[in-house]
Amino acid sequence: MLIEALGSALLGLALSAAALRLFAPRLPSPRVVLASGALGALFGAYLTQYALGPGHGTVTATLVGSLLVAAVILSLLLRPGRQSGPRPAHRTPFSLPSRG
């Protein structure tokens with residue numbers, strides 16, 4: 001149990017460090033990203049253990065579950081990127097272009 005928790009936290013930190021390296025301009029403060037990655041991975045490990053039930057959880061399944069939940073948490077922190085070029089003209093939702 002302790003190895004799963006430590007492994008999950010380390011995987012979350014590694015994933016958040018990779019996200020900071022790749023998407024630094026689109027993410028908030030590095031402290032927030034690192035904390036979210038580690039806590040998301042710990043929550044993912046707990047959620048995976050709970051979903052699998054007693055006696056059915058393996059270390060590999062727990063680490064994969066924690067990695068997936070940490071990735072989802074980190075994806076929620078991403079802000080939209082800069083648009084290249086002018087913005088398209090505003091159209092009302094669900095409208096068809098007119099032909100004339």
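Owing to the predicted nature of the structure, the values given are computational and were not obtained by experimental measurement.

### Let's talk about the overall build of the chain
In terms of regular secondary structure, the chain is built from three helices and zero strands. Each helix and strand of the chain, ordered N terminal to C terminal, gives the series α-α-α. Here the chain holds 100 residues, and 24% of them are scored as buried. Put simply, of all contacts in the chain between residues at least 6 apart along the chain, 71% involve residues at least 24 apart.

### Examining helix α3 (residues 59-75)
Taking 1.5 Å of rise per residue, 17 residues should cover 24 Å, and α3 covers 24 Å from first to last C-alpha, within 8% of that figure. Buried within α3 we find Thr62, Gly65, Ser66, Val69, Ala70 and Leu74. The buried residues of α3 occupy one face: seen down the axis, they fall within an arc of 165°. Facing away from the buried surface of α3 by more than 90 degrees, the exposed residues are Thr60 and Leu68.

Rules and cut-offs
- Residues numbered from 1 in each chain as written.
- Predicted model: local features only at pLDDT ≥ 70, side-chain atom pairs only at ≥ 80, totals over all residues.
- Heavy atoms only, no water.
- Helix = DSSP H or I, 4+ residues; strand = E, 2+ residues; numbered from the N terminus.
- Buried < 20%, exposed > 50% of the residue type's maximum accessible area, 1.4 Å probe, protein only.
- Contact = heavy atoms within 4.5 Å.
- Expected span 1.5 Å × (residues − 1).
- Arc of directions from axis to C-beta.

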